[in-house]
Amino acid sequence: MRMVLLTALGVGGATVIGALIGFVFKKLSHKFSDIVLSFAAGVMLAAAVLGLILPSVEYGGRFGLLITVVGVFAGAICINLVDGLVPHLHKLAGAEAEAHNNRDLGRVMLFVTAIAIHNLPEGIAAGVGFGSGDTAQAMLIAGGIALQNIPEGMVIIGPMLAAGVKPRRTFVLAMLTGLVEVVGTLLGYFAVRAASAILPFALAFAGGTMLYVISDEMIPETHAHGHQRGATYALLVGFCFLLVSDVLLG
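In this report, the structure presented in the accompanying data block is examined.

1. A look at the overall build of the chain
Counting its regular elements, the chain contains eleven helices and zero strands. Going residue by residue from the N terminus, the α and β elements of the chain occur as α-α-α-α-α-α-α-α-α-α-α. A burial count over the chain gives 49% of its 250 residues as buried. The contacts in the chain between residues at least 6 apart in sequence include a share of 85% that link residues at least 24 apart. Per element, the accessible surface of the chain, about 11500 Å² overall, is 71% carbon and sulfur.

2. Quick look at the side chain of asparagine 149
For asparagine 149, the location among the structural elements is in helix α7 (residues 135-155). Here asparagine 149 falls in the buried class, since its relative accessible area comes to 0%. Looking at asparagine 149, its side chain comes within polar contact range of the side chain of glutamate 181, at 2.9 Å. Each residue touching asparagine 149, except ones within four places of it in the same chain, is listed here: Val11, Ala14, Thr15, Asn119, Glu122 and Glu181.

3. Digging into the packing of aromatic side chains
Applying the stated criterion across every chain yields a total of four aromatic pairs. Seen in terms of ring centroids, phenylalanine 23 and phenylalanine 171 are 6.3 Å apart; in terms of plane orientation they differ by 50 degrees. Their pairing is tilted. Of the two residues, phenylalanine 23 sits in helix α1 (residues 2-24) while phenylalanine 171 sits in helix α9 (residues 167-194), which places them 148 residues apart along the sequence.

4. Focus: the packing of helix α2 (residues 30-59) against helix α11 (residues 228-249)
Two numbers describe how α2 lies on α11: the axes approach to 7 Å, and their chain directions differ by 40 degrees. On the basis of the axis angle, α2 is oblique to α11. Viewed along their axes, α2 and α11 form a crossing whose handedness is right-handed. Along its contact with α2, which presents Asp34, Ile35, Ser38, Phe39, Ala41, Gly42, Val43, Leu45, Ala46, Ala47 and Leu50, the element α11 presents Gly230, Ala231, Ala234, Leu235, Val237, Gly238, Phe239, Phe241, Leu242, Leu243 and Asp246.

5. Regarding helix α10 (residues 199-222)
Turn by turn, an α-helix covers 3.6 residues, leaving residues three or four places apart pointing in a common direction. Between its terminal C-alpha atoms α10 stretches 33 Å, which fits the 34 Å expected from 24 residues at 1.5 Å a residue. Isoleucine 214 marks where α10 bends most, by close to 35 degrees. Burial runs high along α10: 17 of the 24 residues are buried.

6. Some points on the nonpolar core
In terms of nonpolar packing, the biggest core is built from 32 residues, with Leu52, Ala125, Ile141, Ile145, Met210, Met218 and Leu242 touching the most fellow members. Of all elements in the fold, only α2, α3 (64-85), α6 (105-131), α7, α10 and α11 reach the threshold of two or more residues within this core. When sequence neighbours within four positions are dropped, the list of residues in contact with alanine 125 reads Leu52, Ile141, Ile145, Ala206 and Met210. Residues Ala19, Val165, Leu173 and Ala174 belong to the second largest nonpolar core, which totals ten residues.

7. Quick notes on the packing of α1 against α7
Two elements in contact, α1 and α7, have axes separated by 6 Å at closest approach and are oriented at 25 degrees. Considering the angle they form, α1 stands roughly parallel to α7. The interaxial crossing formed by α1 with α7 has right-handed handedness. Residue-level contacts link Met3, Thr7, Val11, Ala14, Thr15, Gly18, Ala19, Ile21 and Gly22 of α1 to Met139, Ala142, Ile145, Ala146, Asn149, Ile150, Gly153 and Met154 of α7.

8. Description of the environment of serine 196
Turning to its location among the elements, serine 196 is positioned in the loop between α9 and α10. According to the relative accessible area criterion, serine 196 is exposed, its value standing at 57%. Residues serine 196 and glycine 131, spaced 65 residues apart in sequence, show a C-alpha to C-alpha distance of 8.2 Å.

Scoring rules and cut-offs
Residues numbered from 1 in each chain as written. Predicted model: local features only at pLDDT ≥ 70, side-chain atom pairs only at ≥ 80, totals over all residues. Heavy atoms only, no water. Helix = DSSP H or I, 4+ residues; strand = E, 2+ residues; numbered from the N terminus. Buried < 20%, exposed > 50% of the residue type's maximum accessible area, 1.4 Å probe, protein only. Contact = heavy atoms within 4.5 Å. Areas by Shrake-Rupley, 256 points an atom, 1.4 Å probe, with all protein chains shown as cover. Polar contact = N/O pair within 3.5 Å; in protein donor to acceptor, adjacent residues only side chain to side chain. Phe/Tyr/Trp six-rings, centres within 6.5 Å; stacked < 30°, edge-to-face > 60°. Axes fitted to C-alpha atoms, helices over the stretch in contact; angles between N-to-C directions. Parallel < 35°, antiparallel > 145°, perpendicular 65-115°, else oblique. Left-handed = near helix turned anticlockwise from the far one by under 90°. Expected span 1.5 Å × (residues − 1). Bend = angle between axes of the 7 residues up to and from the residue. Core = buried A, V, L, I, M, F, W, Y, C linked by side-chain atoms within 4.5 Å.

This is the structure:
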């Protein structure tokens, strides 16, 4: 349990680290952020496949493949429905460009709220990984999500400061978005531990949410500023990094 809690704090704390970087470097180049986010997308892609979806098939037994397919689509549809209510990064990226005064504060707060809401299923994915009992795989999944949280924490600072939010309040709001991920991690862990029968579906569901976020949000965002070639190779590097780590740790 201590490992789960520390990892949850680490995953949520990655957003805070990103926020601190955002304070220091308020005008990070699109090229840099695209490369970092693409690397994180590659790590998350490998974590989703190797740490969640394939184990779902294995733990599902006779109906493992069916359970996994249903779970993946259920996870994707869940995030899709959330997106319909509160759009995320690539749909609200204009907030930074448009946030020049207090009139844009509502849009910026929607931007921050969107990140907080999307952090919940990402945290659940990390918690479900620990619920499977495979600590090594769970750490890889959590590491991939944490890497994605760093650039996410970076991009929420500039819009809030530009909209007139005080630096102290900006930092507190960034911390709260990370806290949502901590809550999600604990929810995922206890849900699976309380009902081990749902483990195959829960793993696939978490994998589906991650695949949706990667395809619908991370990749479009990293390919929107003219740096798609570098972003593609960064994704491949991230994928292979986690693949090699998985083999060596296994």
